[in-house]
Amino acid sequence: MLFRSKKKKATILFSIRPNNSYVVRNVSYSSSDGEIEDRLKAAQKNTLIQPGKTYDEEVLDKERDRVTSVIRDAGYYFFNRNFITYELDSSLGSHQVDVYLYVSSPYENAGPEIAAEHSMDNHHRYKLNNISILTNYNSLKLDTIQPLDTVLLNNYIFISDPQHAYFKKENLLRSVFMKKGDQFYQRDLDYTYSSLANLNVFKFINFKFNEVPRDSAQREYLLDVQIQLTPLPKQEYKLASELTHNGGNLGVAGSITYQNKNLFKGAESLEMKLSGGLESLRNFADTNVTKKLFFFNTYDFGPEISLGFKKFLLPGFIEKTTSRYFNPRTYLTVGTNYQERPDFKRILSKFSFGYQWRPSVRQHLQIGRAHV
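What counts as what
- Residues numbered from 1 in each chain as written.
- Predicted model: local features only at pLDDT ≥ 70, side-chain atom pairs only at ≥ 80, totals over all residues.
- Heavy atoms only, no water.
- Helix = DSSP H or I, 4+ residues; strand = E, 2+ residues; numbered from the N terminus.
- Contact = heavy atoms within 4.5 Å.
- Areas by Shrake-Rupley, 256 points an atom, 1.4 Å probe, with all protein chains shown as cover.
- Pairing = 2+ DSSP bridges.
- Axes fitted to C-alpha atoms, helices over the stretch in contact; angles between N-to-C directions.
- Phe/Tyr/Trp six-rings, centres within 6.5 Å; stacked < 30°, edge-to-face > 60°.
- Buried < 20%, exposed > 50% of the residue type's maximum accessible area, 1.4 Å probe, protein only.
- Expected span 1.5 Å × (residues − 1).
- pLDDT = per-residue confidence, 0-100.
- Salt bridge = Lys/Arg side-chain N within 4 Å of Asp/Glu carboxyl O.
- Parallel < 35°, antiparallel > 145°, perpendicular 65-115°, else oblique.
- Left-handed = near helix turned anticlockwise from the far one by under 90°.
- Core = buried A, V, L, I, M, F, W, Y, C linked by side-chain atoms within 4.5 Å.

## Brief notes about the overall build of the protein chain
Check the secondary structure of the protein chain and you find six helices and 17 strands. Expressed as a percentage of contacts within the protein chain between residues at least 6 apart in sequence, the contacts between residues at least 24 apart total 55%. Within the structure as shown, the protein chain displays about 24200 Å² of accessible surface, and the carbon and sulfur contribution to it stands at 53%.

Rendered as structure tokens:
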């Protein structure tokens, strides 16, 4: 460190000399829970902590999240990242470190009395029991007595307001990837959440899990699931306007849009849009143009209608052979636009039809055909 002082001002220069970074030598996974340890051995094959690489705490944190996902995907609903700890041995004297990942049992880190009482307890895999779906859930009206209709369909319990049937039950089940009797899997929960969110008809989506009490007659580890869905407003109107300035030409434009996000109670989206614009355009062909609206001599306007389905339509075999995990969609757009300028008039028409789907998180495919 170098310190200089002059006329009540100080300058401090720091010189930093970093030592050699530590490198991971060995990685070891273990647990006091025998079943968990077997899964750790399989998970270690894809570890992010690679021997020979520079020691990085961020990598350790990502590995903790990865191992947590692997174990939860095996049915361990109550497992979380807090059960995973690291021990590091850097006393080798060669800038190397051994990393030990350890998964504790549920009560291993509790007080001595509780830990002794539950010393034989291990993590447990859970199966799904009753799955109920609340299609008109409103957390602000829980204390209000409301008439509810309960319907059992394909082992799913639908609870809804009979006066506001918001969604067709069969269509909603296309977005639910959990079934009664299945092992709990985190990825199925994630698929269900993302698929319901992609419907764009629910404001809030929440999952509530309750452990089923065990007794002498019921020894399995079971979870009751409640899917709470709060609908968005079905219809929406939008107004938009703007001033344009293009190469010295002034203009105004605007549009009015109507949206119905659940047209046939299956998340079908309908959008009707009427847009138009006015512009003052210099006419190089004829200087004696008298047809003007105020000082605008260029007009365009036209309607456009778009319809979207959260599945494949036409031909039917595509719908039957396509996995719903792909988030399939069908879109249809019809529109026309009338344009009048000092040098020409024309009408443009548009028609498009196509499919969209996502084979994976990183892939988005689209096949369509358009006519103009």
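The rest of the description comes next.
## Focus: the environment of Ser-194
One can find Ser-194 in helix α5 (residues 186-198). Along the primary structure Ser-194 and Ile-205 are separated by eleven residues, whereas in three dimensions their C-alpha atoms are 9.8 Å apart.

## Re the sheet that holds strand β6 (residues 127-134)
Taken together, the five strands give an open sheet; going across it, the order is β7-β8-β6-β10-β9, and neighbouring strands pair in mixed fashion. Each having just a single partner strand, β7 (149-153) and β9 (202-211) make up the two edges of the open sheet. Sheet twist, expressed as the mean angle between neighbouring strand axes with direction ignored, is 20 degrees. Bridge count between β7 and strand β8 (residues 156-160): five bridges; the pairing is antiparallel. Along β8, the bridge assignment pairs Leu-153 with Tyr-156. Across the face of the sheet, α5 comes into contact with β9 and β10 (222-231) while running at roughly 155 degrees to β9.

## Re the packing of aromatic side chains
As enumerated under the stated definition, the model contains 15 aromatic pairs in all. Relative to Trp-357, the ring of Phe-312 has its centre 5.9 Å away and its plane inclined at 90 degrees; by these criteria the two rings are edge-to-face. In this pair, Phe-312 sits in the loop between β14 (298-309) and α6 (316-321) while Trp-357 sits in strand β16 (residues 345-360), placing the two residues 45 residues apart along the sequence. Take Phe-312 and Trp-357: they sit in the same class, and that class is buried. Relative to Tyr-355, the ring of Phe-353 lies with its centre 5.6 Å away and its plane at 70 degrees, an arrangement referred to as edge-to-face.

## Focus on the environment of Ser-352
When you line up the elements, Ser-352 lands in strand β16. Separated by 20 residues in sequence, Ser-352 and Leu-332 have C-alpha atoms that sit 5.7 Å apart.

## Remarks on the side chain of Ser-255
Among the secondary structure elements, Ser-255 is positioned in strand β12 (residues 249-260). Judged by relative accessible area, Ser-255 falls into the buried class, the value being 16%. Setting aside residues no more than four positions away along its own chain, Ser-255 makes contact with Lys-238, Leu-239, Ala-240, Lys-273, Leu-274 and Ser-275.

## A word on the environment of Leu-48
Here Leu-48 shows up in the loop between α1 (34-44) and α2 (57-72). Taking C-alpha positions, Leu-48 is 5.8 Å from Glu-63, a pair spaced 15 residues apart along the chain. Beyond its immediate sequence surroundings of up to four residues, Leu-48 is in contact with Val-59, Lys-62, Glu-63 and Arg-66.

## As for α5
Across its 13 residues, α5 extends 18 Å between first and last C-alpha, which sits within 8% of the 18 Å expected from 1.5 Å per residue. Listed as buried for α5 are Gln-186, Asp-188, Leu-189, Thr-192, Ser-195 and Leu-196. The inward-facing, buried residues of α5 abut α2, α4 (169-173), β9 and β10.

## Some words on the confidence of the model for the protein chain
Confidence in the prediction for the protein chain averages 84 pLDDT; 84% of positions are at 70 or higher. Per-element confidence in the protein chain ranges from a low mean pLDDT of 59 for strand β1 (residues 2-6) to a high of 96 for β6.

## A word on the pattern of salt bridges
Within this structure, the stated rule accounts for ten salt bridges. Of the charged contacts in the structure, one is a salt bridge between Asp-65 and Arg-81, with a shortest N-O distance of 2.7 Å. Taken together, the residues Asp-65 in helix α2 and Arg-81 in the loop between α2 and β4 (84-89) connect sequence positions 16 residues apart. The closest approach of N and O atoms between Glu-236 and Lys-238, which form a salt bridge, is 3.9 Å. Beyond isolated ion pairs, a larger network of salt bridges with shared partners links Asp-61, Arg-64, Asp-65 and Arg-81.

## Here's the deal with the packing of α1 against α2
A pair of packed helices is characterised by two quantities: the angle between their axes and the separation of those axes. Remark: α1 packs on α2, axes separated minimally by 10 Å, with the N-to-C direction vectors making an angle of 125 degrees. Our classification of the angle between α1 and α2 gives oblique. Of the two possible hands of crossing, α1 and α2 adopt the one that is right-handed. Across from Ile-36, Leu-40 and Ala-43 in α1, the residues of α2 making contact are Arg-66, Val-67, Val-70 and Ile-71.

## Some details on the nonpolar core
Counting residues in each nonpolar core, the largest one holds 27 residues, and the members touching the most others are Ile-133, Leu-172, Leu-196, Phe-202, Phe-209 and Ile-227. Among the elements of the structure, β6, β8, α4, α5, β9 and β10 are those that each provide at least two residues to this core. Excluding residues within four positions of it along the chain, Leu-172 makes contact with Ile-133, Thr-135, Phe-158, Phe-167, Leu-196, Leu-199, Phe-202 and Leu-229.

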